[in-house]
Each structure stands twice: as structure tokens, then as C-alpha cells.
Amino acid sequence: MRERKPEDKEQLMKGYVQGKKSAAENGAEGGSEDGERESFSFLQETIKPKALTREQIFMQTVKMAVYGLIIGMSACCGFYAMRPWVEHAFQEETQEVTLPEEEEEEEPEPVKEEETPEPVVPDLTVDSYKEIMQSMYAIAKEADKSIAYIRKAGADSPQDEEHGAYGGITGVIVADNGHNLLIFGDNSICKDSEQWAVVFSDGSRYPAALIKQDGNRGLAVFGVEKASIEENTWSAIQIAELGNSNISVRGDIVIAMGGMFGYENGIGYGVISSTDYSTYYGDGQCGVIATDIAAAPEGTGILFNQKGQVLGLLKGGLFGNSDTGLANALAISDMKSAMELLLNGDSIPYVGVSGTTVTDELFEEQGIPKGLYVTSVQADSPAMKAGIQNGDVIQEVKGLKVTGTTSYEKAVLECKAGDTVRIKGRRLGNGGYVSVDFTVSAGSME
């Protein structure tokens, strides 16, 4: 190693002193750290990134696009996978269904005989007949959106559908309770089956559940979960408007739709031939709308008026064992009270009495007290178990006055299945009619 000379040592000391002095001056201006950084600025260097080529920029852009696509597809798959669960977890609460009450039509003012104008008969041509039929079909096409066909799940096959045989019944969409779309129809499809399917007017098919049925009246309500119905089906269906069958008269034009001919999607036009008859069941009766439209013996369907409103439920055997070969319907207005119970999943109370109204003539001629004269008591019914007999006159049910068949049915429907109901009436004895009380445990026929 070379030995330093005294001159070199002096130069080093001078340089060191000058450096310290410079550092002190810089520290006074901007701080000691800045001073030191300034003193040793020759040690700092700037590292510049290497410039990217066009190929590298293109590849990075492609990678970002691929990553974005993968993330988007994963989000979409997750959304559709979770959608059924989310819709089921956050679906609307079940709401109570209330059917509108019948509006009574105002009776027209009587017209004096001399003021009655002579009817004007228009000149009918082939073109005018076509216009009439086209207007009727337009109404039927709109009403068809509320028609649904109920089948036993798995009971039909493609071959059956090809030949028009479906083995189901015709129903009508009548309400939406927030959770289910509710379909009203005949309960004959409920026998020997626990699973059902509903086919809507667009041909789409969905599983259905039995909400409630009444074996006494032969009615049932089925439900299809709203969350399972696709958007294209929603655009093809609608809830039916219920009409007032009480104001229907003979000669009114009607439209029959459904499976009344023994196959689905049938349509027939005709007129009401009679509204004078009723069909009877335990604790009530229902008016029958008879038409001149042909129908198969076991055919089912829905009867509409010219406004596209539901007038009745087409059903066979309404005139007993006689097969008229015509479409006859249960009047919708007479079924609304019982229907409302079924739509809300409530059992229809059942006592098991059939009877007739004691008219003023019967009261005056035979001295029968006013009320419901019992003509029959169904076997093993709550009424029979309570001791009600043929010939008794029921005058009160659960505190509600009974004057005939209509008021009796309304009083029974005010009860609930399982309630203990007190029924008051009169019974003919040796000395005339005496008061009798019965304690009935109301049941149901499901």
C-alpha cells in the first residue's frame, strides 16, 4: 500500500471541512436530510421502465378482455343459479282473495204499450253474418287467455295429445293471491291422484298443487307458483272477469270454451235455452244455465257472455242421469261464496241437509212453520248424527234466521268446519209443531 504524503492529508482535510460547511449551509436552508441528499446527489439514479412493444400492449388488452368476460359469465351464471332461491325467499306474501259482490241491476221503467216501437229487422247478408262471427271470435280469443287445462301429472302421453284425448278438466284462472295463480274447476280430476299439471292457453305446462276441494259441490281450486311461470307465459294469460249470472235470461248469446266436446281448445256459440232449473247438494243448491250448444257427456268447459265474462262452469250430469247432449253450466253467482272459501284454502262447512222453502201457500194450507222444510238428511252426515230428521223445519242456524234455502245456505257458510253449531227448528208432534234444538258438529267433504 502506498503511504500518503502530508500534502495529500491536507487536501483531504480541506475537502472534508468544505463538505461539512456546505452541509451545514444546506441544512440551514432546507434541513439536514436535504443537505446530505444534495451533498451525495451523485449517488442517485433514475430507473426508467423498458418501453412496451405493440405486441405486448395488444396481449395485455386481450388478457384484460378475457378476464372481464370470465368474471361477467361467472356473475351471470351465479345470478341465474340463485334466482329461484331468491324469488322463493323474497316472494310476495299470500293475500286473502275477495270476490266482488253482485251488482243489482236497476229495473227499467215500464213502457206504455202504445209507446212500444215496432222492432226493426235489419237486412242480413253473408257479409253481415261474417262480421257477427268475427266479432264473437274476437271475444272468445280474448277469453281463451283465462282458460287452463288441469291434468293428472304423467297421465297423458304424446300419443294421447295427438289424438285429442287428454283425460283432464277445464279450469279458469280466477285470482292471484301473491304466491299462487289460482285456477277454479271441477274436482273430478282429484280422484286417485296427488300430483297435477296445468296447461295454459299458450301450451306451456307447469306443476300444480291442490289448494282445496269440496266433494259436496264437486268443486276444486288449484294453484301454480307464480315464481315458476315464465315471462312469455305471463304475456299469454290473464285472470278472468266473473260475470253476474243472476241477470242472464233465456235467449242471451253465450260462448262455451274448453273441453266440452271431449278435446281441448273447443269453442262453441249458442244461446241460453233456460235458467229455470237448479241442481241440489247438501246444504244448498245452484242454478243451472242450460244452452243449445252440443257437448260430450263428460265434457267440461267455461261459459262466457258477450262481454267475455264468466257465467258458469260447464259440467255433465246436471239434470240427473239424463244425457241431454248439450252444454249446461253451474251458475257462477251461486258459487261465489263457496268459491271464495276454496280460493283462500278454507274448508267449506258441511251439515248434510237438503230442503225446500216453506212458502206462504204451504204455511196457510198445511200450517207448516216458515223456514227450511227438511226433505232429506244425508247418510252419516253431521245432521244425521245430531238427530235432524225429514219433516223438521229449520228456523235458525248459529243465531242467524232461516227463511228458506238461500238463507239456510248462507247461514251454514258463515260457520267453520269443526265448529259446534246450534240449530233451532220445529218438529211435528201429536199436538202440532213443537220447538227442537240440535247441536251439530260441522264437518267438511274434502
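Coordinates for the structure precede this section.
A brief look at the structure comes next. (Residues numbered from 1 in each chain as written. Predicted model: local features only at pLDDT ≥ 70, side-chain atom pairs only at ≥ 80, totals over all residues. Heavy atoms only, no water.)

Re the packing of aromatic side chains
Alright, step 1. Scanning the entire structure with this criterion turns up four aromatic pairs.
Alright, step 2. Aromatic side chains Tyr277 and Phe319 sit 5.8 Å apart centroid to centroid with 80 degrees between the ring planes, which places their arrangement in the edge-to-face category. Within this pair, whereas Tyr277 is found in strand β8 (residues 266-281), its partner Phe319 is found in the loop between β11 (310-314) and β12 (326-331), the two being separated by 42 residues in sequence.
Alright, step 3. Residue classification places Tyr277 among the partly exposed positions, given a relative accessible area of 48%. (Phe/Tyr/Trp six-rings, centres within 6.5 Å; stacked < 30°, edge-to-face > 60°. Helix = DSSP H or I, 4+ residues; strand = E, 2+ residues; numbered from the N terminus. Buried < 20%, exposed > 50% of the residue type's maximum accessible area, 1.4 Å probe, protein only.)

A few points about empty space enclosed by the protein
Alright, step 1. Under the defined criterion, the tally for this structure stands at one cavity of 30 Å³ or more.
Alright, step 2. Estimated volume of the largest cavity: approximately 60 Å³.
Alright, step 3. Listing elements by their share of the lining of the largest cavity, those giving two or more residues are β8, β9 (284-294), β13 (353-357) and α10 (405-413).
Alright, step 4. Per-element accounting of the lining of the largest cavity gives the leading share, three residues, to β13.
Alright, step 5. Split into classes, the residues belonging to the lining of the largest cavity amount to five nonpolar, five polar and one charged. (1 Å grid on protein atoms, 1.4 Å probe; cavity = no way out; pocket = protein on both sides within 12 Å on 5 of 7 lines; lining within 4 Å. Points joined across faces, edges and corners; volume = space filled by probe spheres on them. Nonpolar A, V, L, I, M, F, W, Y, C, P; charged D, E, K, R; others polar.)

Quick word on the environment of Asp360
Alright, step 1. As for its position among the elements, Asp360 is in helix α8 (residues 360-366).
Alright, step 2. Overall, the relative accessible area of 43% leaves Asp360 in the partly exposed class.
Alright, step 3. Considering only alpha carbons, one finds Asp360 and Lys370, ten residues apart in sequence, at a separation of 8.0 Å.

Some remarks on α10
Alright, step 1. Across the nine residues that make up α10, a large majority, seven, are buried.
Alright, step 2. For α10, the set of buried residues is Thr405, Ser407, Tyr408, Glu409, Ala411, Val412 and Leu413.

Here's the deal with the sheet that holds strand β4 (residues 196-199)
Alright, step 1. Around the barrel, six strands lie side by side as β1-β2-β3-β6-β5-β4; this closed barrel has antiparallel pairing. Between one strand axis and the next, the sheet turns by 40 degrees as a mean value, whatever way the strands run. (Pairing = 2+ DSSP bridges. Axes fitted to C-alpha atoms, helices over the stretch in contact; angles between N-to-C directions.)

With respect to the layout of surface pockets
Alright, step 1. Within this model, the largest pocket holds a volume of roughly 1200 Å³.
Alright, step 2. If you go around the largest pocket, you meet 40 residues; those closest to its centre are Asp334, Lys336, Ser337, Ala338 and Leu413.
Alright, step 3. Elements with a contribution of two residues or more to the lining of the largest pocket: β8, β9, α7 (332-343) and α10.
Alright, step 4. Per-element accounting of the lining of the largest pocket gives the leading share, eight residues, to α7.
Alright, step 5. For the lining of the largest pocket, the per-class residue count stands at 14 nonpolar, twelve polar and 14 charged.

Looking at the sheet that holds β11
Alright, step 1. Read around the closed barrel, the six strands follow the order β7-β8-β9-β12-β11-β10; overall the barrel is antiparallel. Neighbour-to-neighbour, the strand axes of this sheet turn through a mean angle of 40 degrees, independent of strand direction.
Alright, step 2. Note: β11 against β12, three bridges, orientation antiparallel. Bridge pairing in β12 places Gly312 opposite Ala331.

Side note on the nonpolar core
Alright, step 1. If you look at the biggest cluster of nonpolar residues, it comprises 37 residues, and the most contacted ones within it are Phe184, Phe304, Val310, Met335 and Leu343.
Alright, step 2. In terms of residue count, the dominant contributor to this core is α7 (seven residues).
Alright, step 3. Those residues in contact with Val310 that sit more than four places away from it in its chain are Val172, Ala240, Glu241, Leu242, Gly243, Ile302, Leu303, Phe304 and Ile332. (Core = buried A, V, L, I, M, F, W, Y, C linked by side-chain atoms within 4.5 Å. Contact = heavy atoms within 4.5 Å.)

Digging into the pairing of strand β2 (residues 169-176)
Alright, step 1. Counting buried positions along β2 yields seven of eight residues, so the element is predominantly enclosed.
Alright, step 2. Strand direction decides the pairing type here: strand β1 (residues 147-152) and β2, joined by four bridges, are antiparallel. For Tyr149, the partnering residue across the bridge sits in β2 and is Thr170.
Alright, step 3. Relative to strand β3 (residues 180-186), β2 is paired through five bridges, and the arrangement is antiparallel. Across the sheet, the residue bridging to Gly171 is Gly185, located in β3.

Take it as geometry only, folks, not as evidence of what the structure does.
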